[in-house]
Amino acid sequence: MTSYGDARPSGRTPFEEELMTAMNRFADSAETPAFDAPQIERRTRRRRTVGIAAVAAALIAAGGGTALATSAAGGGSSTTPATSTAAKSDATTMLYGEDPTIPIDFAGWTLEGAKTYLLKTQTKLGAVTEKAAGDCKPGSVIGVSPHAPTIVHNGDTVSFVVCAG
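The structure displayed is predicted, hence computed values, not measured ones.

1. Description of the pairing of strand 2 (residues 102–105)
Summarising the sheet, strand 1 (residues 93–96) and strand 2 pair through four bridges and their orientation is antiparallel. Residue pairing for strand 2: M94 is matched across the bridge by I104. The antiparallel hairpin formed by strand 1 and strand 2 contains five residues in its connecting segment, where G97 sits at a positive phi of about 105°.

Shown next as structure tokens:
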């Protein structure tokens, strides 16, 4: 062995050269690992597909649960018409959103169902007044303020008139 203090023309000391030689011999003698690219790709696709299916199932379950809760709370008429305009005389229709506006007809909804829907639209509950009306179900919504053609946005306050019975 030579002295370790002398630098070679390569710029490495003899120790560094011996170390590099030993590392290269080890790397050359080691077996390459088995590597099956198609198998790895299939496994990745399968995991991704299962993950997407799980997320979709969770969203469907949450949506179905929400629809079930809405219908159980008396908001069975929560399906809104496809048109974005409402009649000016419709005192139970609220126009929500911006472009396009979504008409929400609260006629016949229970107050609890209407409150739940206000949470979804991020609006606030205002005054709730009871009014005696001819033939309506007690506790059902018979009026909303502001109503069409006024447009309601997130954070706005919505008041209801419910049937006193």
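Next comes the rest of the account.
2. Quick notes on the environment of G143
For G143, the position within the fold is in strand 4 (residues 141–145). Taking C-alpha positions, G143 is 5.3 Å from A91, a pair spaced 52 residues apart along the chain. Filtering out sequence-adjacent residues up to four positions away, G143 remains in contact with A91, T92, S159, F160 and V161.

3. Points about the side chain of T92
As for its placement among the helices and strands, T92 is situated in the loop between helix 2 (37–72) and strand 1. A polar contact of 2.8 Å, which involves the side chain of T92, links it to the side chain of D105. Each residue touching T92, except ones within four places of it in the same chain, is listed here: I104, D105, F106, A107, I142, G143 and V144.

About the thresholds
- Each chain carries its own residue numbering, running from 1 in the direction its sequence is written.
- Given that the model is predicted, a residue must reach a pLDDT of at least 70 before its local features are reported, and side-chain atom pairs must reach 80 or more before they are shown or counted; all residues, however, enter totals for whole chains, interfaces and linings.
- No hydrogens and no water enter the side-chain calculation; it runs on all heavy atoms of the structure.
- Note on pairing: DSSP must find at least two bridges between two strands before they are called paired.
- What counts as a helix is a DSSP run of H or I of at least four residues, what counts as a strand is a run of E of at least two, and both are numbered from the N terminus.
- Two residues form a contact once any of their heavy atoms are found within 4.5 Å.
- Counted as a polar contact is a pair of N or O atoms within 3.5 Å, where, for protein atoms, one must be capable of donating a hydrogen and the other of accepting one, and residues adjacent in sequence contribute only when both atoms are in side chains.

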